[in-house]
Amino acid sequence: MQIINRCSMEFKSVPDNVGFARVAVAAFASQLDCTLPELEEIKVAVSEAVGNAIIHGYRNKPDKTIKITVTIYKEGLEIKVQDDGIGIADIDLAMQPAYSTDPERMGLGFVFMQSFSDRLQVDSAPGEGTTVTMFKHIGLRSTKARAN
């Protein structure tokens, strides 16, 4: 796939940056002439990925760094959210609906990311952090749009 445009950013692992990340990624994605529902889906998916990095990856330690890279291709949008946190020992288990390492959480983060992406990949290992990569076709190229 040929890269049309790319944006990278880093920010501290504080809850206030969840809103920043979702708006920044949506603003960058708008170059693709996204529909409002597509932009809302992108914002929710980014919120969940960044929230997971803060809550689970870094266990709410505000002095850590989250990295996001957003790449626009002719085929759509790729969003990578990376942390250098504790990592995930069992990715399949972590992606199960209602599973959470925090009993106060509903455990739906990966469910939302999967629902609002055409492809979701999670790379992680204990002690090595986590990278969540989401790909979304935009407009008529969307897998979900073709299904309707």
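Structure's up top.
Computed from a prediction, not measured in an experiment: that's the story for all the values here.

Participant: Would you explain the overall build of the protein in this entry?
Facilitator: The helix and strand tally for the protein stands at five helices and five strands. Its helices and strands taken in sequence order, the protein reads β-α-α-β-β-α-α-β-β-α from the N to the C terminus. Its C-alpha atoms give the protein a radius of gyration of 15 Å, near enough to 15 Å, the size a compact globule of 148 residues would have. Burial analysis of the protein (148 residues in total) assigns 43% to the buried set.

Participant: Before we go on, may I ask you to explain the nonpolar core in this structure?
Facilitator: In summary, soluble globular proteins display a tendency toward joint burial of nonpolar side chains. Grouped together as the largest cluster of nonpolar side chains are 36 residues, with contacts concentrated most on I42, V50, I68 and I79. Looking at which element gives the most residues to this core, the answer is helix 2 (residues 36-57), with eight residues.

Participant: Got a minute to help me understand the pattern of salt bridges in this structure?
Facilitator: Overall, the coordinates contain three salt bridges when judged by the stated rule. Close ionic contact of K136 with E41 constitutes a salt bridge, the shortest N to O distance being 2.6 Å. Taken as a pair, K136 in strand 5 (residues 130-136) and E41 in helix 2 lie far apart in primary sequence, 95 residues in all. Owing to a relative accessible area of 5%, K136 belongs among the buried residues under this scheme. Here K67 makes a salt bridge to D84, at a shortest N to O gap of 3.6 Å.

Rules used throughout
Residues numbered from 1 in each chain as written. Predicted model: local features only at pLDDT ≥ 70, side-chain atom pairs only at ≥ 80, totals over all residues. Heavy atoms only, no water. Helix = DSSP H or I, 4+ residues; strand = E, 2+ residues; numbered from the N terminus. Rg over C-alpha atoms; globule rule 2.2 N^0.38 Å. Buried < 20%, exposed > 50% of the residue type's maximum accessible area, 1.4 Å probe, protein only. Core = buried A, V, L, I, M, F, W, Y, C linked by side-chain atoms within 4.5 Å. Salt bridge = Lys/Arg side-chain N within 4 Å of Asp/Glu carboxyl O.

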